[in-house]
Every structure is written in C-alpha cells, then in structure tokens.
Amino acid sequence: MNGAMTHLPQQGRLEERSLPRLLLELHRAGFGGALTLSRERTGKRFLFQRGCPVFAESNLASESLGVQLMDAGRLDRSDFNRVAAEIERRGCQEGTALLELGLLTPKELFVALKDQMRLRLIECFAWPHGTFIVDPNGDPGDDAQPFRLDPIAIAQAGIEAHWSGERVLRELGDRMESCAGPGPDFRAAAARLTVDSAVQDVLEALDGTRTLWKVTQTARSPRALGALWVLDAIGALAYADSATDESAPEIELAIRGDEDHTASEPHAAAPSASADASANPGTSGLEDEIGQKHAGLEDLDHYALLGVPPEATAPEIRKAYLKAAKAYHPDALARMNLSPQLREQANQVFAAIGKAHVVLADANARRDYDATLASGATDLDAERLAQAETLYRKAEILMRQGNFRGALEFLAPAVEIWPDEAVYQSTYGWALYKKMPSEPDEARDRLECALRLDPSDATTRFRLGVVLRDLNESAPEDNGTSLG
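This is a predicted model, so every value here is computed, not measured. (Residues numbered from 1 in each chain as written. Predicted model: local features only at pLDDT ≥ 70, side-chain atom pairs only at ≥ 80, totals over all residues. Heavy atoms only, no water.)

1. Digging into the overall build of the protein chain
Put simply, the rule is: Comment: elements are numbered from the N terminus, with helices defined as DSSP H or I runs of at least four residues and strands as E runs of at least two. A 1.4 Å probe rolled over the protein chains alone gives each residue an accessible area, and that area as a share of the maximum for its type sets the label: buried under 20%, exposed over 50%, partly exposed in between. Note on contacts: a residue pair is in contact if any heavy atoms of the two residues lie within 4.5 Å. To be clear on the numbers: accessible area is Shrake-Rupley with a 1.4 Å probe, and residue cover counts the displayed protein chains and nothing else.
The number of helices and strands found in the protein chain is 25 helices and 7 strands. Burial status across the protein chain gives 47% buried among its 484 residues. Long-range pairs, those at least 24 residues apart, make up 69% of the contacts in the protein chain with a sequence separation of at least 6. Counting every atom, the protein chain has about 23800 Å² of accessible surface; 50% of that belongs to carbon and sulfur.

2. Observations concerning the pattern of salt bridges
So the rule is basically this: What counts as a salt bridge is simple: a side-chain nitrogen of Lys or Arg found within 4 Å of a carboxyl oxygen of Asp or Glu.
The tally for this structure, following the rule as stated, stands at 27 salt bridges. Note that Glu416 is salt-bridged to Arg39, the shortest N-O span being 3.7 Å. Placement of Glu416 in helix 22 (residues 404–417) and of Arg39 in strand 2 (residues 33–39) is noted, with a sequence separation of 377 residues between them. Relative accessible area serves as the criterion here: at 32%, Glu416 is assigned to the partly exposed category. Look at Arg39 and you get buried, because its relative accessible area is 4%. Across the salt bridge formed by Glu57 and Arg45, the nearest N and O atoms sit 3.4 Å from each other. Here Glu57, found in strand 4 (residues 52–58), pairs with Arg45, found in strand 3 (residues 42–49); they are 12 residues apart in sequence, far enough to count as distant. With a relative accessible area of 36%, Glu57 lands in the partly exposed category. Salt bridges sharing partners connect three or more residues here, namely Lys44, Glu63, Arg120 and Glu123.

3. Considerations on the side chain of Arg463
Rule in force here: When charges are counted, Lys and Arg are positive and Asp and Glu negative, with His and the chain ends excluded.
Its location among the elements puts Arg463 in helix 25 (residues 458–470). Look at Arg463: it is buried, it has no salt bridge, and the nearest opposite charge is Asp457 at 6.9 Å. When near neighbours in sequence (up to four residues on either side) are disregarded, Arg463 contacts Ser426, Thr427, Trp430 and Leu447.

4. Quick notes on the nonpolar core
Grouped burial of nonpolar side chains is what soluble globular proteins tend to show. Rules: In this description, a nonpolar core means a group of buried Ala, Val, Leu, Ile, Met, Phe, Trp, Tyr and Cys residues linked to one another through side-chain atoms lying within 4.5 Å.
The biggest cluster of nonpolar side chains holds 82 residues, and the ones touching the most others in it are Leu35, Leu37, Leu206, Leu231 and Leu306. When residues of this core are assigned to their parent elements, the largest contribution, 10 residues, is made by helix 19 (residues 340–361). Apart from residues lying up to four places away in sequence, Leu306 is in contact with Ile317, Ala320, Tyr321, Ile353, Ala356, His357 and Leu360. Listed in part, the 44 residues of the second largest apolar core include Ala112, Val415, Leu432 and Leu468.

5. Remarks on the packing of aromatic side chains
For clarity, the cut-off: Two rings from Phe, Tyr or Trp (for Trp, the six-membered ring) form a pair when their centres sit within 6.5 Å of each other. Planes less than 30 degrees apart are called stacked, planes more than 60 degrees apart edge-to-face, and all others tilted. A ring has a charge above it when a Lys NZ or an Arg CZ is no more than 6 Å from the ring centre and no more than 35 degrees off the ring normal.
Evaluation of the coordinates by the stated rule reveals 5 aromatic pairs. Where Tyr392 meets Tyr424, the ring centres are 5.0 Å apart and the plane angle is 35°; that geometry is what we call tilted. Taken together, the positions of Tyr392 in helix 21 (residues 379–400) and Tyr424 in helix 23 (residues 422–434) put the pair 32 residues apart, joining distant regions of the chain. Taken as a pair, Tyr392 and Tyr424 share a single burial class, namely buried. Between Arg167 and the ring centre of Trp163, over which it is positioned, the NZ or CZ distance is 3.7 Å.

6. Quick look at helix 22
The criterion, for reference: To estimate how far a helix should reach, multiply one less than its number of residues by 1.5 Å. The bend at a residue is defined as the angle formed between two axes, one fitted to the seven residues ending at that residue and one fitted to the seven starting there.
Helix length check: helix 22, at 14 residues, gives a terminal C-alpha distance of 20 Å against a target of 20 Å (1.5 Å per residue), a fit within 8%. The largest bend along helix 22 reaches roughly 30° and is located at Phe410, with the proline Pro413 sitting one to four residues downstream. Counting buried residues in helix 22 gives 12 out of 14 residues, a clear majority hidden from the surface. The complete set of buried residues in helix 22 reads Phe404, Gly406, Ala407, Leu408, Glu409, Phe410, Leu411, Ala412, Pro413, Ala414, Val415 and Ile417.

7. Topic: the sheet that holds strand 4
Cut-off, in case you're wondering: Only when DSSP finds a minimum of two bridges between them are two strands counted as paired. Each axis is a line fitted through C-alpha atoms, and for a helix only the stretch in contact is used; angles between axes span 0 to 180 degrees, taken between their N-to-C directions.
Strand order in the open sheet formed by 5 strands is 1-5-2-3-4, with antiparallel pairing between adjacent strands. Each of the sheet's edge strands pairs with one partner strand only, and the pair in question is strand 1 (11–13) and strand 4. Neighbour to neighbour, the strand axes of the sheet diverge by 20° on average, direction disregarded. Bridge count for strand 3 against strand 4 is 6 bridges, and the pairing is antiparallel. For Leu47, the partnering residue across the bridge sits in strand 4 and is Phe55. The strands that helix 6 (residues 106–123) touches are strand 3 and strand 4; relative to strand 4, the one it contacts most, it runs at about 80°.

The values reported here are purely geometric and, on their own, carry no functional implication.
Listed below in structure tokens is the structure:
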C-alpha cells in the first residue's frame, strides 16, 4: 500500500485530473484512507478501503438521508418532520430515528445508506471545477466492508450522468485511429460494468479488427460511451496500428480533392507520412480547412458542420456525414504530413461531426435540437441549460421546504453555469436573504442583477423591495430604470 501511495497525487484540481480517473487510480493502488473533494462552500469526504469507497460525509443539507428519501418518494413531509423531531429529542443519527419510528426496515436502511454514498459521489462528476486531497490516514477498518462501492461501476455511472459525449470522444481522441481489442483483464472489467444492449454492442465491437473510432459509432447511449471510457482508462483495451485496406485510396481522394488525378493512376503509391507538405499540394488546403473548422466549432451548428441545410432529409444527412467523416477520419489523416497540433484539432472536428450526426440522425433528438436553434440557443447552451435547470429544480424543492441553506448548494452552481437566467439569480438572492444567518447585502446584489436581466418580473421586484426595506434603502422604480 505505501509503495502504491507514492504514485498517487496528494492534492490537485479536478480540472487537471478528472474525478473518474482519480477514482480509478485510487482503486488500482488499493488505496486506504480519505479523499476530500471541495468546491466553493461544498465539501465531501470519502473513506476508502482497499481501493473502494466505503463511507461518505457531506456538508450539504440537501444530501441528508431524509431529503434523499423524500426525493425518492419514500417519505412525505410529515414523516420527515417526525424524524427531525426524533433526532432532536434523542440526539441520534438519522438512520436510528428512521428505524425507531418504523419508517424503514434494517435492510431498507442499509440499501438507502449505500445509495446515499453513491449519489454523493456521482453528484461530484457534475462539478465544473474543484479540488481534491488524498490522505492515507483515516482508514475506516474492516467493519465498513458492507458499504463498499465498485469504482469501475461508479466511474461509468458518473460519466453516463454528467459527461457529454463530446467530452468522452475528446479524451479518446489520441487513440481513435488504432484498432481496439480486448486487453489484460478485459473480461473481468467488463463483468463489473452496468451492461445493457448498447453496452453489449460496444463490447462485441472490441474485437481488434475495428479502429476505436468505429467502435464509438456502435455506442448508442451515454452508458455505452461511459463503459468504453472506463475500459480504456483502466488499461483493459489493447491497441494496434490500423491495417491499410482497399478503402484507403478512396479516403485519400476525399481528403486531397484530387479524384481525377488519382483515378487515372490507380496504382500510384500513397505519400509517406514524412513527405514534405510541398510534395502534396492538397495538404496545405487541408490544413486551412481543419483550422477554419476548428476555429468555428463553437459557432457552427450541426447542420453547418455536416454542410447541409436545416431542411435536409435523413438520407441527405447520412450522405453528408459519410463524406465529412471520411474527410476527417483519423485513419486517413495518419497518412498526411500533419503536425501533432493539427491532428488534435482534426480529432476534435471529427468528434463534433460524429456528435452532429448522432443528434440529426435521431428524429426526436433532431426535433429538440431544432427547437434550441429556433430559440436562438446553441447546442452547447442547451446542454448547459439542462444541467442548470436540473440543479434549479432541486433547489426549488428545498425552498418549498424552507431549507434555504440547502437550496443554495444547488443554486450556486446553477447560477455559475447560466448567470444570465433571471429566475436563477432571483431565487438565489431570495435564498440568501431567507437563510439563517441572512445575507441581505449579497441578496440585494443578486436580486438587482435579476431585475436588470428581466425588468418586468414582479416576483423579483417584490423580493428586492423586501430586502431593501430591511437595509433601509429605497426600492427601485416601477420601470426598473433605477437599476441602470
């Protein structure tokens, strides 16, 4: 154990070492001790035993067992109040109170506590940033064995819940052009994944004859992509250079744009990877095209990426995708004299093209995507807004329960993700004011921000008036112009 610990980071940022990768590193090292995760005012501590999480602590009131059971419909508000009263009267833990009141059986409590630990950890996968501390002290001992979680299954579930497909493809980008097959412990690792038909398709595609990119095309769900990422991260895949096949010249034609020349010389040798760019006149044009596409990734919608109009039919979209994918396929780009930086940019464009096709090829997904375009939002905006809205809805539940401090733990990241949403800013400000101890100055700033974003919101104007009266300050004018 101590030898393994020397290879683990003692602390760092989750932006630099992602949480699933960190969990798998701790698992591989057989880590025993504590992992502390922090983000702003949120702190969580997970105890590990032989590389697996066995206990979790959180300072979020919204992650208490009682709130979790209410969210799941296992407790109603009156039951929750009875548990709170029992805890206050006896000074006991939530689990003890739930058992004493007959609200849970011992078996149900065990399942609920394990699920609580799982949810506390998976929620951290959604953090846009944060810090971690790895401490070898605090090994919980053998008595914590029943609550062990499998880091492989947790990593897959967290990626499924909170990572975009684009992020998974980006992390796999360096290996897209290599053939992927079963590696060491592949079967044992696959047995620990959550497997459905989509995951099974991916496992079967990993036969060593397909490039990793072709394998990703069989991943029909976030769960399947999560499984593929995990297998790659733990070294359960074996990679080999992709073999040149009869389709290679056709791919090069699409890239170089010199179909007529190559067609007249079917047996001409392909240029070597070390050839100078001047020897291949199509390379400079390709470099320009890659650079332009990469620079515009945030601005191009799915239709523009595939080069089709919004009214394109399904066969037209399929045809455009095949053409675009062929032009940017890593197998073909490997034969070009491209710099590592340009290869990376091309991989990102390739991933974006694949994502565009996945969305537009599905009728329901395309309809939802078209709705975001009609509202002026981008696809990235839609993903961010969906995450922020989920956080906001959780905060709303806690606000109705009077748990304003707990609501803030969800409102803070919602506002961070989408600061221009007036309702989020308004609710955040009101929670700051209503919690104990109150923060009226910060609440005023948030409510004024919300009113600038939506001057016609009567609820925000009322809330701001209440806060300003408490601060002995004048309320805003009815037209909202006093806020600038």
